[in-house]
Amino acid sequence: SSGINAEYGGTAKVRFGGNNENIQDQSLFIKRRKAALERYLNRLMAHHLISKDETLRRFLQEEDAPRPNPNASGIKGFMKNMETMVTKATARINEVDEWYEDKQGHILEMEETLKKILAVVDNIVADRRDLVAKSAAFGASCLHLGEGEDNASLRRAITKLSELENNLSTVHSEMADSDLFVFGETVKDYISIIQAAKAAFDERVKTFSVWESSQSTLAKKREAKNKATLQGKADRVAQCDEDIRFWEGKVEKCQEDFEVISKNLKEEIRIFEEIWVRDIKESAISYFQKLIDCENQIVGHWKEFLPEAKIIN
């Protein structure tokens, strides 16, 4: 449940110019950021553990939340932990439970599929935005053309065609928003969540690597004690005993950490899959309902225009 995708959750400054295209980009950027933040906070509050965190609750309830100090040690520690989490682990685990390898492979396949879907949605949105602009431009051209037409019925039909194109431009804009916010951004959210899940799998591997390394060090300390005992070095034996006790505790703690992260990972993936199926189903139903509504609007606008076209003489 961690991680807003940097694409709409980062803190990079964005500069906009004053022309119409940049104003439209700015409006779309703000809409996407607003929608992403709302979805992110809703996901946090829906999580069975995070929703109980008092820090989060205070943050949401305070009217004027304090700005974080970028030099604060807590922020540095947080960023360091995040950097550690997303670092690719080089160690591998000889899995006893095949669930982990199967799920990790399944998640990678989901990520690739969702990225392909998102690319298609982005192309659809771009095409619809282009259609919006061209419909509006065609409507404006029709309006100017109608003003110079002497035939009254033809002038009225051309004027109505201008209104039709403006109405269609509005409908296409609604469809583009639906493509983007109802479906596209949901897909993007899950790509981000999958990336967080991949980081969690990597963290589990790193935890196992630390456990394995601790076991290796403990074995070396025991060998050193045996060697010191055979050589009759009492001081060295005492130091080895102290080292062994430390590394035995370290091994025990690493094993506990590995078991906890393995258990939590299974539970989080189970919850993720339940929510994933529900969210995608709801998004798909809402998306197709919106498309049907928009198509009905388009048909309705053409039906309103048709009588004007028929009476041209």
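Conventions used here
Here the residue numbering is sequential within each chain, running from 1 through the sequence in written order. Per-residue local features are limited, in this predicted model, to residues with pLDDT of at least 70; the limit for side-chain atom pairs, both in listing and counting, is 80 or more; totals at the level of whole chains, interfaces and linings are taken over all residues. Neither water nor hydrogens contribute to the side-chain values; these are computed over all heavy atoms in the structure. Counting from the N terminus, the helices are the DSSP runs of H or I reaching at least four residues and the strands are the DSSP runs of E reaching at least two. Between buried and exposed lies partly exposed: a residue is buried under 20% and exposed over 50% of the maximum accessible area for its type, with that area taken using a 1.4 Å probe on protein chains only. What makes two residues a contact is simply this: any of their non-hydrogen atoms within 4.5 Å. Per-residue and other accessible areas were derived by the Shrake-Rupley procedure at a 1.4 Å probe size, with only the shown protein chains allowed to occlude residues. Whenever a carboxyl oxygen of Asp or Glu lies within 4 Å of a side-chain nitrogen of Lys or Arg, that contact is scored as a salt bridge. Scored between 0 and 100, pLDDT is the confidence that the predictor attaches to each residue. To define a nonpolar core, start from buried Ala, Val, Leu, Ile, Met, Phe, Trp, Tyr and Cys residues and group those joined through side-chain atoms within 4.5 Å. Classification of ring pairs uses Phe, Tyr and Trp, with its six-membered ring standing for Trp, and accepts pairs whose centres are within 6.5 Å; under 30 degrees between planes counts as stacked, over 60 as edge-to-face, and the remaining range as tilted. We call a charge positioned above a ring when the Lys NZ or Arg CZ atom is no farther than 6 Å from the ring centre and deviates by at most 35 degrees from the ring normal. With axes taken as lines fitted to C-alpha atoms, and helix axes fitted only over the stretch in contact, angles between N-to-C directions fall between 0 and 180 degrees. Note that the term roughly parallel is reserved for angles under 35 degrees, roughly antiparallel for angles over 145, roughly perpendicular for angles of 65 to 115, and oblique for everything else. Here a polar contact means two N or O atoms within 3.5 Å. Within protein one must be a hydrogen donor candidate and the other an acceptor candidate, and residues neighboring in sequence count only if both atoms are side-chain atoms. The patches reported here contain residues having more than 30% relative accessible area and no salt bridge. Joining distances are 9 Å for like charges and 5 Å for nonpolar side chains (Val, Leu, Ile, Met, Phe, Trp, Tyr).

### Some remarks on the overall build of the chain
Of regular secondary structure, the chain possesses 7 helices and 0 strands. Moving toward the C terminus, one meets the helices and strands of the chain in the order α-α-α-α-α-α-α. Counting all 313 residues of the chain, 29% fall into the buried class. The long-range share in the chain, meaning contacts at least 24 apart out of those at least 6 apart in sequence, stands at 82%. For the chain, the computed accessible surface area is about 20,500 Å², with 54% contributed by carbon and sulfur atoms.

### Quick notes on the pattern of salt bridges
Summed over the entire model, instances satisfying the criterion amount to 17 salt bridges. When the shortest N-O distance is used, the salt bridge between Asp130 and Lys134 registers 3.1 Å. Of this pair, Asp130 and Lys134 both sit in helix α5 (residues 99-147), separated by 4 residues, roughly a single helical turn. Between Arg278 and Asp279 there is a salt bridge whose closest N-O contact spans 3.8 Å. Judged by relative accessible area, which is 45%, Arg278 ranks as partly exposed. Counted as one network, the salt bridges with shared partners bring together Glu111, Lys115 and Lys198.

### Topic: the confidence of the model for the chain
Residue-level pLDDT values for the chain average 81, and 79% of them are 70 or greater. Note on residues 1-14: pLDDT under 50 across the span, and 23 contacts to partners over four residues away in sequence or across chains. Of the regions scoring below 50 in pLDDT, residues 82-90 engages in 13 contacts with residues more than four places distant in sequence or in other chains.

### Details of the nonpolar core
Formed by 34 residues in total, the largest nonpolar core has its most connected members in Leu114 and Phe272. Going through the elements one at a time, α5, α6 (152-231) and α7 (234-310) are the ones with two or more residues in this core. Here this core gets 16 residues from one element, more than from any other, and that element is α6. Dropping the residues within four chain positions of it, Phe272 is found in contact with Met110, Tyr190, Ile193 and Ile194. If you look at the next biggest cluster of nonpolar residues, it comprises 8 residues, including Phe208, Trp211, Ile244 and Val251.

### Topic: the packing of aromatic side chains
For any pair of aromatic rings, geometry is given as the distance between the ring centres together with the angle between the planes. Inspection of every chain in the model, using the stated rule, returns 11 aromatic pairs. Put simply, the rings of Phe183, Tyr287 and Phe288 touch in pairs and so form one group of aromatic residues. The residue whose ring lies beneath Arg204 is Tyr100, and the NZ or CZ to ring-centre distance is 3.6 Å.

### A word on the environment of Ile194
Here Ile194 is to be found in helix α6. Separated by 84 residues in sequence, Ile194 and Met110 place their C-alpha atoms 8.1 Å apart.

### A word on the packing of α6 against α7
In contact at an axis separation of 8 Å, α6 and α7 are set at 170 degrees when each is read in the N-to-C sense. Accordingly, the angle class assigned to the pair α6 and α7 is roughly antiparallel.

### Describing the side chain of Asp279
Here Asp279 is to be found in helix α7. On the accessibility criterion, Asp279 (15% relative accessible area) is buried. Here Tyr190 takes part through its side chain, which lies 2.7 Å from a polar atom of the side chain of Asp279.

### Remarks on the environment of Val182
Among the secondary structure elements, Val182 is positioned in helix α6. The class of Val182 is partly exposed, set by a relative accessible area of 23%. In the structure, Val182 is positioned 102 residues away from Ala284 in sequence and 8.2 Å away in space, judged by C-alpha atoms. For Val182, the contacting residues outside a window of four places in its chain are Asp177, Ser283, Ser286 and Tyr287.

### Quick look at the side chain of Glu308
One can find Glu308 in helix α7. Of the residues examined, Glu308 reaches a relative accessible area of 16% and is grouped as buried. Of note is the side chain of Glu308, whose polar atom sits 3.2 Å from the side chain of Arg156.

### Focus on a nonpolar patch on the surface
A cluster of nonpolar residues, Met45, Phe59 and Leu60, forms a patch on the protein surface that exposes about 260 Å² of accessible area. Looking at the secondary structure, you find Phe59 in helix α3 (residues 54-61). The exposure class of Phe59 is partly exposed, given its relative accessible area of 48%.

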